[in-house]
Amino acid sequence: MTQLLTLTLWLALCAWAGAQPVPKPAEVLQTVQHVNDYWQKARPTHGNAFWDNAAYHTGNMEAYFLTKNEVYRRYSEAWAEQNEWKGAKSDNRANWKYTYGETDEYVLFGDWQICFQTYVDLYNLQPDARKIARAREVMEFQMSTPYSGYWWWADGLYMVMPVMTKLYKLTGNRLYLQKLHEYFTFANGIMYDADTRLYYRDAKYVYPAHKTANGLKDFWSRGDGWVFAGLAKVLADLPADDPHRAEYIDKFKGMAEAIRKAQQPDGYWTRSLLDPAQAPGPETSGTAFFTYGFLWGINNGLLDERTYRPTVLNAWKYLSTVALQPDGRIGYVQPIGEKAIPGQVVNASSTTNFGVGAFLLAACELHRYVSK
């Protein structure tokens, strides 16, 4: 009788999980270590503090928080030291710019500010004022200006929204939360599509001025992945009494439902969310960011486990058996860009720093889920 009951419960669990097996915590932990060890051993030297490198380090810090492996913390610390705990390095405030740019005067451009997330994390582990001095200087100068349009592209919401909540937690300065909402409101005004509850990458891609080759709305998978993951990170640090918390939750839940419906049968999401034919085939960075967001939502009681569990387990099957290569490389990552490009080749050899960071975020959050 006991064996029959056990079998019945096991079959019910499989049906609930979409017939995908639930990985064991040790298995997920081993995957995190395999992927991160491979990446770091292959790259013993460090790059600049621009967004792509910095996005990897947001994943590396999660791997450190999970494993407490000091090698991981020291890797991010060495990167921060090399970059002088700065993003763009200009000290001439009169020349600071917020539009796209990869040189040192683009201090107010969010792609140079994502590094502050990791600097704050490292400060919290071993406090030293110089680690956050530049972050506070830049963000507090930015908040002193009357301009609201700093976040004009979807990626920027992941790059900088969590910086605002992390610095709020550190300083207690409510202006960080006020400006967070002010800038978020501007971003919603130019990128958010209320009908689909998704975000266009930027104003160039808003329908009907821009369409896919099949005449549909074109929502870039990684772009929406940036936003979805960014909202999860914001909600993790946002105080319960923030007057706009319900709005962030509403955006997060709306995106979750829209993204869930766009998942492909093999567990991944295509590069154009609502038009798979625009650029067919798997893509890892968007898939990993979505998986992280779903798991964070389940783990924190914002997303219904029964509804979203099959989604994340199917996504993990793709991430752990297709994207993950035997040597630890993460493949099928769309290269740096801003849209789904018909005909662009993305294969098992396609890997990037930010794609690995996204994978680590998803895997660490999965470990928290399966460890419950």
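My aim in this report is to walk through the structure given alongside it, one point at a time. (Residues numbered from 1 in each chain as written. Predicted model: local features only at pLDDT ≥ 70, side-chain atom pairs only at ≥ 80, totals over all residues. Heavy atoms only, no water.)

## Here's the deal with helix H4 (residues 70-82)
To keep it simple, the criterion reads: Secondary structure elements are taken from DSSP: a helix is a run of H or I of four residues or more, a strand is a run of E of two residues or more, and numbering for both begins at the N terminus. One less than the residue count of a helix, multiplied by 1.5 Å, gives the span that helix is expected to have. Partly exposed describes any residue whose relative accessible area lies between the buried limit of under 20% and the exposed limit of over 50%, with all areas from a 1.4 Å probe on protein chains only and scaled to the type maximum. We call two residues in contact whenever any of their non-hydrogen atoms come within 4.5 Å of each other. Polar contact criterion, stated in full: a pair of N or O atoms within 3.5 Å, where within protein one must be able to donate a hydrogen and the other to accept it, and residues adjacent in sequence count only if both atoms are side-chain atoms.
Compared with an ideal rise of 1.5 Å per residue, which puts 13 residues at 18 Å, H4 spans 18 Å between its outermost C-alpha atoms and is within 8% of the ideal. Turning to H4, its buried residues are Tyr72, Arg73, Tyr75, Ser76, Glu77, Trp79 and Ala80. Looking at the packing, one finds that the buried side of H4 touches helix H2 (25-42), helix H3 (51-67), helix H5 (115-125) and helix H6 (129-143). Its side-chain oxygen placed 2.9 Å from the backbone nitrogen of Val71, Asn69 serves as the N-cap of H4. Immediately beyond the C-terminal end of H4, within one or two residues, lies Glu84, with a positive phi of roughly 60°.

## Focus: the pattern of salt bridges
How we decide: By definition, a salt bridge exists where a carboxyl oxygen of Asp or Glu is found within 4 Å of a side-chain nitrogen of Lys or Arg.
Under the definition given, this model contains 30 salt bridges. The shortest N-O distance in the salt bridge between Asp195 and Lys217 comes to 4.0 Å. In this pair, Asp195 is assigned in the loop between strand E1 (192-193) and strand E2 (198-199) and Lys217 in the loop between E2 and helix H9 (221-237), connecting sequence segments 22 residues apart. The partner of Glu338 in a salt bridge is Arg201, with the nearest N and O atoms 3.3 Å apart. Remark: Arg201 occurs in the loop between E2 and H9 and Glu338 occurs in the loop between helix H12 (305-323) and helix H13 (353-370); sequence separation between them is 137 residues. You can call Arg201 buried: its relative accessible area is 10%. Residues joined by salt bridges that share partners form a network here, namely Lys86, Asp91, Arg93, Arg134 and Glu137.

## Topic: empty space enclosed by the protein
Let me state the cut-off plainly: With a 1 Å grid spanning the protein atoms alone, the term cavity applies to any set of points in which a 1.4 Å probe fits but cannot get out, the term pocket to an open set with protein on both sides within 12 Å along at least five of seven lines, and the term lining residue to any residue with an atom within 4 Å of a point. Grid points are joined across faces, edges and corners, and a volume is the space filled by probe spheres set on the points.
Evaluation of the coordinates by the stated rule reveals 1 cavity of 30 Å³ or more. Lining the largest cavity, in full, are Thr58, Glu62, Gln117, Thr118, Asp121, Lys166 and Lys233. Those elements giving two or more residues to the lining of the largest cavity turn out to be H3 and H5. It is H5 that contributes the most residues to the lining of the largest cavity, 3 residues altogether.

## Observations regarding the packing of aromatic side chains
Just so we agree on the cut-off: Side-chain rings of Phe, Tyr and Trp, where Trp is taken by its six-membered ring, are said to pair if the distance between their centres is within 6.5 Å; with planes under 30 degrees apart they count as stacked, over 60 as edge-to-face, and otherwise as tilted.
Counted according to the given criterion, the structure contains 35 aromatic pairs. Between Trp85 and Tyr119, the aromatic rings sit 5.3 Å apart at their centres with planes inclined by 65°, giving edge-to-face as the arrangement. Of the two residues, Trp85 is situated in the loop between H4 and H5 and Tyr119 in helix H5; the sequence distance between them amounts to 34 residues. Exposure class is identical for Trp85 and Tyr119. Each is buried. Judged by centre distance (5.6 Å) and plane angle (40°), the rings of Trp316 and Phe359 are tilted.

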